[in-house]
Amino acid sequence: MVGIVDVAKMAKVSTATVSRVLSNNMNVTSKTRDKVLKAINQLEYKPNRLASNLRKMSSKTVMAVVPDITNPFFSSILQGFKDVALENGYHVLLGDTGNSLEQERDYINLVKERVVDGLILATARLSKEEILAASQEIPVVLACEYMDGFDIPTVAIDNVSAAREAVEHLIRLGHRRIGMITGPLDVILSKDRVKGYYQALNLNDIPIVGVLIQEGNFSVTSGYETMLKLLALKDPPTAVFATNDEMAVGAMKAIKQRGLQVPNDISVIGFDDIPLCGLVEPELTSVSQPRYDMGYQAMQMLLSIIKKEELTRNQIVLPHRLMLRDTCCKRSSPML
């Protein structure tokens, strides 16, 4: 890679002079400035945006990357990020990937240029190797998600246990034919929640029926569409576990559109406990994540790494809670 030394050699000046040109220091003659800029262009040198790191400068800025800014789940997490950052004199740049792998990759490549001091990923859909490589160049913390097998600092809940608890609640109500609407199965959180669903069924000697598991994309629309598929089965489920609240709300719409009632005909459980849960009718039972605390602790961890403070632990698992509301009841008679 071309460095500031190469530019200095070609322009026949000192590295300090190159640095002054890059920082627009006025104590450089026009002739010298032109020589340095010409060398930069010829060598296609891309200067570090923090003055080439020569002075170990800090931008006092961190970046938080989320998969979908329109998803209300992330609002409290972002608030936690911001509050800790401001308490410590830092600013937060927001990167929204729109669930795009390429956009996630672009943000990671951007921070490698040291535009920011650290990175929090609330999405981790890239390969483990790419994220690990980024963490070796700049402080990285994962919030909500994690990378199995790598020791990257992480704040999350136990998604397997949370999903198992939700499904076991339905089983205790007498349901044995339980549908599941998952998020994208290339996301580790979706895989963990499916694993919890499997565990609950296996522990209660309930056979796993593949057709009862439908993949969505975390949107209301996907919840609606996948629920229609479940309702079209010859023997539809008496209960459904959706792995986020937006898909659960979409499922409720499909159930009502088919002339059925929640929970009398079909019980529904969501995941995340976003504010929408208390606004829909009936109010949605959901697994609650401590979203604000998740963001708060993730930012604390990131700033500790930036300040080169020793972490007491790399992996933080926060508690979840099943919030019981009105969308679940004991199994009723079979639907006609």
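Residues numbered from 1 in each chain as written. Predicted model: local features only at pLDDT ≥ 70, side-chain atom pairs only at ≥ 80, totals over all residues. Heavy atoms only, no water.

Engineer: Before we go on, may I ask you to explain helix α1 (residues 4-11) in this structure?
Structural biologist: Residue pairs three or four apart in sequence face the same way in an α-helix, which turns once every 3.6 residues. Within the span of α1, buried status applies to I4, V7, A8 and A11. Down the axis of α1, the buried side of the element spans an arc of 100°, and every buried residue falls inside it. Residues of α1 that are buried sit in contact with α2 (15-22) and α3 (30-43). One or two positions beyond α1, positive phi appears at K12, with a value near 60°. (Buried < 20%, exposed > 50% of the residue type's maximum accessible area, 1.4 Å probe, protein only. Helix = DSSP H or I, 4+ residues; strand = E, 2+ residues; numbered from the N terminus. Arc of directions from axis to C-beta. Contact = heavy atoms within 4.5 Å.)

Engineer: Any chance you could explain the sheet that holds strand β6 (residues 178-182) here in plain terms?
Structural biologist: Strands sit in the order β7-β6-β8-β9-β10-β12 across an open sheet of 6 strands; the sheet is mixed. Where the open sheet ends on each side, the last strands, each with one partner, are β7 (213-215) and β12 (321-323). On average, adjacent strands in this sheet sit at an angle of 20° to one another, irrespective of strand direction. As paired elements, strand β9 (residues 267-272) and strand β10 (residues 285-288) share 4 bridges and run parallel to each other. Bridge assignment links F271 to a residue of β10, and that residue is V287. Against the sheet, helix α8 (residues 188-203) engages β6, β7, β8 (239-242) and β9, with an angle of about 170° to β6. (Pairing = 2+ DSSP bridges. Axes fitted to C-alpha atoms, helices over the stretch in contact; angles between N-to-C directions.)

Engineer: What is the right way to look at the nonpolar core in this model?
Structural biologist: The biggest cluster of nonpolar side chains holds 73 residues, and the ones touching the most others in it are F81, M227, F241 and M299. In contact with M299, not counting residues within four places along its chain, are V62, F81, V84, A85, V92 and I120. (Core = buried A, V, L, I, M, F, W, Y, C linked by side-chain atoms within 4.5 Å.)

Engineer: It is not clear to me how the environment of M252 should be interpreted in this structure. Could you clarify?
Structural biologist: Assignment of secondary structure puts M252 in helix α10 (residues 245-257). In contact with M252, not counting residues within four places along its chain, are V262, V268, V280, E281, P282, L284 and T327.

Engineer: I would appreciate a short explanation of the sheet that holds strand β4 (residues 140-143) in the present structure.
Structural biologist: Pairing between the strands of a sheet comes from backbone hydrogen bonds, and it takes one of two forms, parallel or antiparallel. Read across the sheet, 6 strands follow the order β2-β1-β3-β4-β5-β11 without closing on themselves; strand pairing throughout is parallel. Of all the strands in the sheet, the pair left with one neighbour each is β2 (91-96) and β11 (315-318). For this sheet the average axis-to-axis angle between neighbouring strands, irrespective of direction, equals 20°. In terms of strand pairing, strand β3 (residues 118-121) meets β4 through 3 bridges, oriented parallel. Among the inter-strand pairings, L121 is bridged to a residue of β4, identified as L142.

Spatial relationships are all this shows, so hold off on functional conclusions.
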